[in-house]
Amino acid sequence: MINQCLENGDSAQIVAILQSPNFNLRAVPECAEIYYNRLLEDKSLKPKDPDEGPWIKSSIQGVYDYYFNVETGEDTCVAPEGIVPKTSWLTDEEIQNIVSQITSDYNREQLWFANEDLIIQLQAQARGFLVRKKYKERKEYIQSQEPSVIKIQASWKGYKQRKAYSERLEVLQKNVASIIKIQSWVKMWLARRAYRKRLQYFKDHNEEIVKIQAFIKANKAREDYRTLTGSENPPLNVLRKFAYLMDQSDLDFQEELEVTRLREEVVTNIRSSQQLEKDLNLMDIKIGLLVKNRITLQDVVSHSKKLDKKNKNRAEEMVTGEKQGIKGLSKERRKKLEAYQHLFYLLQTNPTYLAKLIFQMPQNKSTKFMDTVIFTLYNYASNQREEYLLLKLFKTALEEEINSKVDQIQDIVTGNPTVIKMVVSFNRSTRGQNTLRHLLAPVVKDIMDDKSLAINTSPVEVYKAWVNQLEMQTGEASKLPYDVTTEQALMHPEVVNRLESSIQSLIAVTDKVLASIFSSLNLMPYGMRYIAKVLKNSLHEKFPDATEDELLKIIGNLLYYRYMNPAIVAPDGFDIIDMTAGGQIHPDQRRNLGCVAKVLQHAASNNLFEGENAHLSSMNSYLSETYEKFRNFFQTACIVPEPEEKFNIDEYSDMVTLSKPVIYISIEEIINTHSLLLEHQDAIAPDPKDVLNELLTGLGEVPDVETFLGEGAVDPNDSNKENTLSQLIKTEISLSLTRKFDLREGEEQDIKGLMMKTKRLIVDVIRAQPGETLAKILETPATVHQEAEHEKIVEKRVILDSKTPEKMKHSRSILEEGQLPLEQKKRKIQRNLRTLEQAGLVSSENKYQEIINEIAKDIRNQRRYRQHRKAELVKLQQTLNALNSKKAFYEDQVNYYNTYIKTCLDNLTRKNSRRSIKLSGKAEEKGNKLKNISLKYTAARLHEKGVILGIDEVQPNQFKNVTFDITPGEEVGDFDIKAKFLGVDMDKVQLHFQDLLQMQYEGVSVMKMFDRAKVNVNLLIFLLNKKFYGK
């Protein structure tokens, strides 16, 4: 067994085997490893016969042979035939000898260990005695001979030292020249070796050295930048290191151009998509009217063609507006263009004017003005500057509306505040659309995809569904009444059980929606949260007695009910989910979403289920719990920084940005804005010295369309001139907005503008000429080298300016000042600093540290602006992709509608109905016969039919003397109506059948014709259908 353990490498069993009674050995467990290693070593020394078998041979009592097969366990005392016993295994005697020897050694070692202290002590005593004895004898001898020893040593050492010194001195004196030469060579060799060794060391560790240098430089740069950003008064030498950041590189220009291009595409696509959406909605109405009222198909076809034409010609209109008219190269047109650029810059940057203008107009007119002009003026907040300015407008307008039009705090909820409506519409349709999609799309899609989800909280509907199910299962009419009240339905246990099941499902689904809303606070548009903060603060300021709960309910009405709730109820209407053209949401899916929205609405306003909804009162505790969550959510939503901090924009931002603000606005919008400003000028700018009054005086009267388009844009002999102008008025042009004082030279400049120009000059000077303080630099004359360095900076800037597009260039005065020689710049800086010191903006006592701090702030802002621009590039590209997807969806809808119209045409062609107005062939010939039909009715007859309700200044008994001739016009659906009194032509009007249907659709029952006759719209449509279309 021991040999097997050795071969298997099993040392753990060795001691156990050795301690067995068969061996009769006193094996020690502590020596287990030693036993194993010694046995293994001795076994490895034994020769191994290649032919040996599994049999081992041993001797019993030294007389009898014993054979044992280690593989099969077979044993015998007779030698098996042909065996070769194992010789590589240890015998019993060998094992016993090895174990006994190891055990004996271990016991002896333990004995020594047990008496180790006594043995060491004995040895130490003996050795100490012998050493002390020898030392004592030697010491006694030396002490007895000490004077002689000292004398001998001194004499011998003196002799040797003098002899060596004399010999060395003699050699050196004989070889002075050689020694000097050798020394020089040795020193040179040592220096060269040290240099080469150091150089090789540098080469071997080049990467490490570069890293160390980079680390040290980076550390220094970081420390300098921390000083620049964190220090209250950064030193001038630190500022000088980062002054180069104010330069604009080719990459800056490329990125700025790309941002401008993308912004233009985004704004154009937004406007195009909005117009396309409006046209598609109108197409929906027309197709609905086609089905309901059977209007002529040609009206629908013509609108479809108009839809395609708008989509194709929009880009051509943009180009036309840019190449001629007000953009033409003439001094007068340029002056007019610059005046409008000044005007819109003032409107954009000063929200007070537009805020007042909004509330001067009727609500229906102001809504259209906001949806078109205002959002166009701010480029639909396509970058941070425009978003910042738009938020300032929203803030100013909201505060104005609350102060002037809100009498009770609940007016915000019960009414429809103009600014709130505008903010929600803007954030939900453009900037916030992707946010709503990310926030609600996953959970809304889960609700819609869950086919087993059937939420119905109406007891009557649940009761009817149950009765229908019983009838379907039994095939017999149910004895239960079909029409029941809510109370009667709740008397049936099955209805109550089903209603309770729906409530549990509703709570589970609502929890998912809540989790999505609460976890996505950071996704909510900053503009919505900021306006919520402004709304809360403004209401608290006007109604100081209002409780926190009342204020938060108003915030909930804004953030949830107005912003999120419609998207949950109608996700297809707000692009929350993807819908194919013609696709619809199933009624069950819409009911599920409506139930969830209802619960969330009640929870957000802490409105418990009572009265008509008393059967849902079991959810009231859930509503209260959810309201507390909403309350915390609304409180957190209002905690946002001010726009100045969020966007890092201040009064100097437009001065340091690379490009001028550009808007893309139609001629119609410019004319409408100009007209509204003139109409309400006294209310908007009552001060005669107001800048707005100056700009409006310079612009003069509102120009017509041809002034913008230029002469020859419209043929004066064109018979369709009005229609052409109505199309051209929608032409879009781009305006590069600028401050007026930037473009006026020779006038007294604004102090802030002077500060900006002075900072530019200081940056140029400190880059070329170093110094401890600004005052010292300005007083020290520049060297030739510094002048040359400054000229290089100027030349580089001139090259960059030559590559800069016109719309991105700074004003002429800034460019000219930047090209002045170094000394002239320093003198101009000194003059400007004196002016600024008189204005209290800087002080010479602290060495003009104020303007140094402003330059440091500009450098920080420039870096942030580059970072924001890169982020804006990505965001604009994403927005453009989303708009392209939306446009593709609308184009699919257009194709779908075209297919529908084509199908209608095909069906009408196959039917060949004589009553329909056809587009070709015989049908067209029959349709042309309508042109020869002319109806004549007296006013009395039309009054009897109910078509004429009354005529101003004409008594009913005189109606028989008034006749109306109704004749089809040249265009399909047009009718010429002539009024005659006693056979004399009085008036003529052209009536569009499509307009009548539109009025019918909008609920207009009575219209005026000839500005005198009151006509019943529905009966007039009936009359025209019956007489001209046989309907």
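Figured I'd write up the structure that's included with this text. Because the structure is predicted, anything quoted here is derived from the model rather than measured.

Check the secondary structure of the protein and you find 43 helices and 12 strands. Counting over 1031 residues, the protein shows a buried share of 41%.

Together, Ile-182, Val-186, Trp-189 and Leu-190 give the surface a local cluster of nonpolar side chains, amounting to about 390 Å² of exposed area. Relative to the elements of secondary structure, Leu-190 occurs in helix H7 (residues 176–204). A residue is classified by how much of its surface remains accessible, and Leu-190, at 38% relative accessible area, is partly exposed.

Ranked by internal contacts, the top residues of the largest apolar core, which has 141 residues, are Phe-344 and Leu-535. Sorting elements by how many residues they give to this core places helix H23 (residues 548–569) first, with 11 residues. If we ignore the near neighbours within four places in the chain, the residues touching Phe-344 are Leu-377, Ile-663, Ile-665, Ile-670, Thr-673, Leu-735 and Leu-737. Counting 31 residues, the second-largest nonpolar core is a separate cluster that includes Phe-964, Leu-991, Phe-993 and Val-1015.

Backbone hydrogen bonds hold the strands of a sheet together, and the pairing may be parallel or antiparallel. What the 4 strands build is an open sheet, ordered E6-E8-E9-E10; its pairing is antiparallel. The open sheet has two edge strands with one neighbour each: strand E6 (935–938) and strand E10 (984–992). Along the sheet, successive strands turn relative to each other by an average axial angle of 20°, direction set aside. Helix-sheet contacts for helix H43 (residues 1017–1028) involve E6, strand E8 (962–968), strand E9 (974–981) and E10, and the interaxial angle to E6 is about 140°.

A large share of strand E5 (residues 732–736) lies buried, amounting to 5 of its 5 residues. Burial along E5 is two-sided: the face carrying Glu-732, Ser-734 and Ser-736 and the face carrying Ile-733 and Leu-735 are both buried. Examined bridge by bridge, strand E4 (residues 662–666) and E5 share 5 bridges and lie antiparallel to one another. Opposite Val-662, over in E5, you have Ser-736 as the bridge partner.

Pairing geometry for E8 and E9, over 7 bridges, is antiparallel. Residue Ile-966 lies in a different strand from E9, and its bridge partner there is Ile-977.

With that settled, the discussion passes to the sheet that holds strand E12 (residues 1013–1016). Across the sheet, which stays open at both edges, the 3 strands sit in the order E7-E12-E11 with antiparallel pairing between neighbours. The sheet is open, and its two borders are formed by strand E7 (948–951) and strand E11 (1006–1009), each paired with just one other strand. On average, each strand axis in the sheet is tilted by 25° relative to the strand beside it, whichever way the strands run. Across 4 bridges, E11 lies against E12 in antiparallel orientation. Residue pairing in the sheet places Met-1009 in a bridge with Ala-1013 of E12. Here H43 sits on the sheet in contact with E11 and E12, set at roughly 70° to E12.

With that settled, consider the pattern of salt bridges. Note on pairing: side chains with opposite charge can pair once their charged atoms come close. Taken as a whole and assessed by the stated rule, the structure comprises 19 salt bridges. Its salt-bridge partner being Arg-941, residue Glu-944 comes within 3.2 Å of it at the nearest N-O pair. Taken together, the residues span about one helical turn, with Glu-944 and Arg-941 both in helix H41 (residues 939–945) at a distance of 3 residues. According to the relative accessible area criterion, Glu-944 is exposed, its value standing at 60%.

Turning our attention to the packing of helix H21 (residues 493–518) against helix H24 (residues 587–604). In the contact formed by H21 and H24, the axes pass within 10 Å of each other and the chain directions differ by 65°. In this view, H21 runs roughly perpendicular relative to H24, as classed from their interaxial angle. H21 and H24 meet at a crossing whose hand is right-handed. For the pair formed by H21 and H24, the contact residues are Leu-506, Val-509, Thr-510, Val-513, Leu-514 and Ile-517 on the first element and Cys-595, Val-596, Val-599 and Leu-600 on the second.

Between H21 and helix H25 (residues 620–637), the least distance of the axes is 12 Å, while the angle of their chain directions is 10°. Regarding the angle of H21 to H25, the classification is roughly parallel. Contacts between H21 and H25 pair Ile-507, Thr-510, Asp-511, Leu-514, Ile-517 and Phe-518 from the former with Tyr-622, Thr-626, Lys-629, Phe-630 and Phe-633 from the latter.

Looking at the secondary structure, you find Leu-942 in helix H41. If we ignore the near neighbours within four places in the chain, the residues touching Leu-942 are Tyr-937, Val-947, Ile-948, Phe-964 and Leu-1023.

Another point: helix H28 (residues 667–679). For H28, with 13 residues, the first-to-last C-alpha span of 18 Å sits near the 18 Å given by 1.5 Å per residue. Along H28, the residues that are buried comprise Ile-667, Glu-669, Ile-670, Ile-671, Thr-673, His-674, Leu-676 and Leu-677.

Right, let's talk about the packing of aromatic side chains for a bit. Tallied over the full model, the rule gives 11 aromatic pairs. Note on Tyr-463 and Trp-466: the rings are 6.1 Å apart at their centroids and 65° apart in plane angle, and the pair reads as edge-to-face. Of the two residues, Tyr-463 and Trp-466 both sit in helix H19 (residues 459–474), 3 residues apart, roughly one turn of that helix. Centroid distance Tyr-526 to Tyr-530: 5.9 Å. Interplanar angle 15°. Geometry classified as stacked. Separated by 4 residues within a single helix, Tyr-526 and Tyr-530 lie in helix H22 (residues 526–542), roughly one turn from each other. Judged by its relative accessible area of 11%, Tyr-526 is buried. Since its relative accessible area comes to 1%, Tyr-530 is described here as buried. Three or more aromatic residues joined by ring pairs form one cluster here, namely Phe-518, Tyr-560, Phe-630, Phe-633 and Phe-634.

Rules behind the numbers
Residues numbered from 1 in each chain as written. Predicted model: local features only at pLDDT ≥ 70, side-chain atom pairs only at ≥ 80, totals over all residues. Heavy atoms only, no water. Helix = DSSP H or I, 4+ residues; strand = E, 2+ residues; numbered from the N terminus. Buried < 20%, exposed > 50% of the residue type's maximum accessible area, 1.4 Å probe, protein only. Patch = residues over 30% accessible without salt bridge, like charges linked within 9 Å, V, L, I, M, F, W, Y side chains within 5 Å. Areas by Shrake-Rupley, 256 points an atom, 1.4 Å probe, with all protein chains shown as cover. Salt bridge = Lys/Arg side-chain N within 4 Å of Asp/Glu carboxyl O. Core = buried A, V, L, I, M, F, W, Y, C linked by side-chain atoms within 4.5 Å. Contact = heavy atoms within 4.5 Å. Pairing = 2+ DSSP bridges. Axes fitted to C-alpha atoms, helices over the stretch in contact; angles between N-to-C directions. Parallel < 35°, antiparallel > 145°, perpendicular 65-115°, else oblique. Left-handed = near helix turned anticlockwise from the far one by under 90°. Expected span 1.5 Å × (residues − 1). Phe/Tyr/Trp six-rings, centres within 6.5 Å; stacked < 30°, edge-to-face > 60°.

Honestly, it's all geometry; don't read function into it.
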